[in-house]
Amino acid sequence: MFSIRSSALSSRVSALSSALCRPRAAASAGVRAMSMQAVDASIGLTEEQLEIQRMALNFAKTEMAPNMLEWDAKEIYPAETMRAAAKLGFGAIYCNPDFGGTGLSRMDGTVIFEALSTGCVSTSALLSIHNMVVYAIDSFASVEQREKYIPSLANGERFASYCLTEPGAGSDAASLVTSAKREGDFYVLNGTKSFISGGGEHDVYMVMCRTGGPGAKGISCVLVEKGTPGLSFGQKERKLGWNSSPTRQVIFEDVKVPIANRVGKEGEGFSIAMQALNGGRVNISACSLGGAQEALSIAREHLLVRKQFGKSLASLQNSQFKLAEMATGLQASRLMVRQAAQAMDSKHPAAASLCAMAKLFATDTCFDICNQALQLHGGYGYLRDYKVQQFVRDLRVHQILEGERRRILVMVSDLVNHVFGTASRGTGTNNGAGLAPPLTHLLLLLV
Ligand SMILES: Cc1cc2nc3c(=O)[nH]c(=O)nc-3n(C[C@H](O)[C@H](O)[C@H](O)COP(=O)(O)OP(=O)(O)OC[C@H]3O[C@@H](n4cnc5c(N)ncnc54)[C@H](O)[C@@H]3O)c2cc1C
């Protein structure tokens, strides 16, 4: 079962070691130090997952962590680091190996994104969005399309962006108006996508556009390549965080795209977008775990060093209780995220709901952990030279994108209402795949 994956991984681990020109002992010493963090993220992992985790932690520690403050301050998109991550197998993590995918599981993916995020949340999250698109191509595209796109997206030659949101269609994504009108063998696209991560830098754009009537069923999914005439990008948005991830509008003005670039059938675009988002939610949550883990760890180190009233802050019971609460929240979040990932791997009927719940809980809890970590630093936590403030800023947006928290609450509360019959369903606000679970699915949630 693990033969392809193991050999691929061990060769990638060696590639990483030689690429970094670091003695293995030094690298593993770094990992040992990390494993002494307050909450050990390796608990419950298999040998192979531990190997994957070590590899991702090494990469985070050597290639990302030393740069995260600078990438943020100068708003640098670290293209080379993204490429290096893809070369290790992190460009198409849970895609089939037949076209260059790494062939790992969703659970493995959470281990990777958590580990990478200890080094830089924003860059890891951008890589997770790229993986979301590659997954959608691998799962819903034709063999020809997979053959055309996946190899270069897997090895980091090219990167992909996910284009759903529009200026007038955010939470209500199914109301999008970017049009794709058929003309012979082409679609002609017109419209604007907003807040697109990787916009302007990336090479392939997965665009949800309207080929039919109103609502979700009128939406299709097409791949648009950078350089296509009529495709342009807005100014880079100035953001509170996620500054290594460029965000721009993606603008379509009579963009001619071959019909052969459509993924799935006409009208399936929204369903593809929502299925991709289920995994996206788990990945973003995993990125929150990594940020919170690191924030907790550096807060603990700060408390050990900082002295007030003649003793270290770490010796105060208030500090210890605070760390204990943070560690408990982190552990609970990790359990939810990993359970949701496992539900995706086993195609459990409750997977979409578990992903939503994990996202709701983990992104809120992990943001609070980072905020508490900042508080424990006192005034130093507010200084740009200290990493903790960046974790707070970077994790804040996880409560907004890939299912804004109130939207997720609507999804989960619709589900709860359905189970308990406490309110009439169909608030008119849910429009995504996996939001109308059959009774068996709901009952599974209660056990
Ligand atoms: C940094 C960043 C990167 C992003 N990257 C991408 C990307 O790569 N691709 C992409 O497609 N999109 C991306 N997005 C867009 C993101 O997914 C949207 O911002 C998000 O879906 C919310 O939409 P909106 O901003 O239009 O907010 P709105 O939909 O206008 O929501 C505003 C407020 O209204 C509330 N609200 C809305 N509907 C309901 C409801 N039914 N019930 C209760 N409350 C409700 C929400 O709680 C929210 O607080 C990104 C956003 C950011 C900030």
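Above this text sits the structure in question.
Small disclaimer: the values here were computed from a predicted structure and weren't measured.

Q: Pulling in residues and values, what's your account of the site of the ligand?
A: The immediate surroundings of the ligand are formed by 22 residues, with Thr165, Gly170, Ser171, Phe195 and Arg406 found nearest. Put simply, the parts of the chain that give the shell around the ligand at least two residues each are strand 1 (160-163), strand 3 (186-197) and helix 13 (405-420). Here the shell around the ligand spans two domains, since at least three of its residues come from each of domain 2 (161-269) and domain 3 (272-446).

Q: I'd like a description of the environment of Arg158, backed by residues and values.
A: Topologically, Arg158 is positioned in the loop between helix 8 (143-154) and strand 1. A tally of 19 C-beta atoms within 10 Å means that Arg158 is categorised as partly exposed. Considering only alpha carbons, one finds Arg158 and Ala86, 72 residues apart in sequence, at a separation of 9.8 Å. Ignoring any residue separated from it by four or fewer positions in sequence, one finds Arg158 in contact with Ser152, Leu153, Asp203 and Val204.

Q: Pulling in residues and values, what's your account of the packing of helix 7 (residues 121-140) against helix 8?
A: The geometry of helix 7 relative to helix 8 is characterised by a closest axis approach of 10 Å and an angle of 155° between their N-to-C directions. One way to sum up the angle between helix 7 and helix 8 is to call them roughly antiparallel. Crossing geometry of helix 7 relative to helix 8 is assigned as left-handed. Residues Val134, Ile137 and Asp138 of helix 7 lie in contact with helix 8, whose contacting residues are Gln145, Arg146, Tyr149, Ile150, Leu153 and Ala154. Tallied by class, the residues present in the contact of helix 7 with helix 8 amount to 6 nonpolar, 1 polar and 2 charged.

Q: Describe unusual backbone geometry, and please don't skip the residues or the numbers.
A: Look at Phe195: it is not a glycine, yet its phi comes out positive at around 60°. Of note, Phe195 is situated in strand 3. Its 20 C-beta neighbours within 10 Å are what place Phe195 among the buried residues. Residue Phe309 is not a glycine yet carries a positive backbone phi of 55°. By the element assignment, Phe309 lies in the loop between strand 9 (307-308) and strand 10 (311-312). With 8 C-beta atoms packed within 10 Å, Phe309 lands in the exposed category.

Definitions and cut-offs
- Residues numbered from 1 in each chain as written.
- Predicted model: local features only at pLDDT ≥ 70, side-chain atom pairs only at ≥ 80, totals over all residues.
- Near = placed C-beta within 6 Å.
- Helix = DSSP H or I, 4+ residues; strand = E, 2+ residues; numbered from the N terminus.
- Domains from an automatic or database assignment.
- Buried ≥ 20, exposed ≤ 12 C-beta atoms within 10 Å, placed from the backbone.
- Contact = placed C-beta atoms within 7 Å.
- Axes fitted to C-alpha atoms, helices over the stretch in contact; angles between N-to-C directions.
- Parallel < 35°, antiparallel > 145°, perpendicular 65-115°, else oblique.
- Left-handed = near helix turned anticlockwise from the far one by under 90°.
- Nonpolar A, V, L, I, M, F, W, Y, C, P; charged D, E, K, R; others polar.

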